[in-house]
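# Inside the fold
If you want the building blocks of each chain, they are given just below.
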Amino acid sequence: MSLLLKASNSHLFLSSSIASMATCSSFCAQLPISFRPIPISSSFPTNQPFKPFSAKASISPANDDGSPITVGFLGLGIMGSPMALNLIKSGCDVTVWNRTKSKCDPLISMGAKYKPSPEEVTAACDVTFAMLADPESAMEVACGKHGAVSGMGPGKGYVDVSTVDGGTSKLISGHIKASGASFLEAPVSGSKKPAEDGQLIFLTAGDKSLYETVTPFLDIMGKSRFYLGEVGNGAAMKLIVNMIMGSMMATFSEGLLLSEKVGLDPNVLVEVVSKGAISAPMYALKGPSMVKSLYPTAFPLKHQQKDMRLALGLAESVSQPTPISAAANELYKVAKSHGLSDSDFSAVIEALKGKVQS
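Residues numbered from 1 in each chain as written. Predicted model: local features only at pLDDT ≥ 70, side-chain atom pairs only at ≥ 80, totals over all residues. Heavy atoms only, no water.

As recorded in an unreviewed UniProt entry, the chain goes by glyoxylate/succinic semialdehyde reductase 2 chloroplastic and comes from Salix koriyanagi. Quoted verbatim from the Function (unreviewed entry) heading of the UniProt record, the comment on the chain is "Catalyzes the NADPH-dependent reduction of glyoxylate to glycolate as well as succinic semialdehyde (SSA) to gamma-hydroxybutyrate in vitro. May function in redox homeostasis and play a role in oxidative stress tolerance by detoxifying glyoxylate and SSA generated in glycolate metabolism and GABA metabolism, respectively." (UniProt positions renumbered as here; feature names shortened; annotations may be inferred.)

## Details of the overall build of the chain
Scanning the chain from N- to C-terminus turns up 14 helices and 12 strands. Across the 358 residues in the chain, those meeting the buried criterion constitute 50%. Long-range contacts, defined as pairs at least 24 residues apart, comprise 69% of the intrachain contacts of the chain with a sequence gap of at least 6. (Helix = DSSP H or I, 4+ residues; strand = E, 2+ residues; numbered from the N terminus. Buried < 20%, exposed > 50% of the residue type's maximum accessible area, 1.4 Å probe, protein only. Contact = heavy atoms within 4.5 Å.)

## Observations regarding the pairing of strand β7 (residues 127-130)
Here β7 shows no split at all, with Val127 and Phe129 on one side and Thr128 and Ala130 on the other all buried. Of the pairings in the sheet, the one linking β7 to strand β8 (residues 157-160) comprises four bridges and is parallel in character. If you follow Val127 over to β8, its bridge partner there is Gly157. On the question of chirality, the crossover connecting β7 to the parallel β8 by way of helix α5 (residues 135-143) is right-handed. (Pairing = 2+ DSSP bridges. Right-handed = clockwise from strand over helix to strand, strands pointing away.)

## Some remarks on the packing of helix α9 (residues 233-261) against helix α11 (residues 281-291)
Two elements in contact, α9 and α11, have axes separated by 11 Å at closest approach and are oriented at 45°. Taken together, the axes of α9 and α11 lie oblique to each other. Once α9 is placed against α11, the crossing between them reads as right-handed. Along the contact surface, α9 presents Met245, Met248, Met249, Phe252, Ser253 and Leu256, while α11 presents Met282, Tyr283, Lys286, Gly287, Met290 and Val291. Of the residues in the contact of α9 with α11, the class split is nine nonpolar, two polar and one charged. (Axes fitted to C-alpha atoms, helices over the stretch in contact; angles between N-to-C directions. Parallel < 35°, antiparallel > 145°, perpendicular 65-115°, else oblique. Left-handed = near helix turned anticlockwise from the far one by under 90°. Nonpolar A, V, L, I, M, F, W, Y, C, P; charged D, E, K, R; others polar.)

## What to know about the pairing of strand β5 (residues 93-97)
The buried count for β5 comes to five of five residues, which makes it a mostly enclosed element. Residues Asp93, Thr95 and Trp97 point to one face of β5 and Val94 and Val96 to the other, with burial holding for every one of them. Between strand β4 (residues 70-74) and its parallel partner β5, the chain crosses via helix α2 (residues 80-89), and the hand of that crossover is right-handed.

Right, dumping it as structure tokens:
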């Protein structure tokens, strides 16, 4: 698969079969940005250049014959639904599937097609994206009965944007490749609002040619993308990022509660933090709601704890101590035991309130 563009009078335009879809967005040239690699453990591959990209796609990719590349999307939860919607709004030919069919209905009303199984989606589409909740779901949808693998074959591509461990990603990759198709892992950094706004960060690894084919789709759904080499590297990068994020949120929660306990206004603490070197968008976004004990779900706490668990497993596999993250993980487990699994991960602060009150 490749992008088909024709030149005339110094303007780019698509073949007539897809021209109408190209008007949905604006083109921005792709410029790679190089930066100095950070030394890391020899157990993690260092021979692949880490290259970030930032762009917004303007075109509906096409096959060599000029026909638009058809896109499947499996999993329409808090992240998958807005991601698929952005593809539809950009004029892409999208076919969707979700275990709960009612979640497909809003997208069908926007122009998406529907198939009743992952197998039928992948059979009907050139490239299929999958956004599932956990490793078990990702494996079942890909390799289970009527799973995605059953509809794959030569010339097709499977892009798993779920957050899973490297072992699961490699296992799915093996099944996909055995069918003759190509595989790319592309977990995302970002939550509900970035997904809605097309501001996600894709951490990709796997088949380079598939990566190049789907970059216009990634640029519709995200603001940046990194190609990290072999399958497993994207999963590892995502788990490390979320491990850091989970630990940051736990420490921020401690600070909010401590400020209130000593008679300070936690809202002022949020403002002070936002002015200094430790400023982070997450603090400014979550802090005011946390002070009010409100946790509107952008990233479910159960998924944050799952990612902490997987990250700790990754660290254990290379004998890397992670005591701070291990302690934070225990707080998320306590919060889950308090019935906060489906609340935003910022609800971890409630686990600390319980300890203060005991």
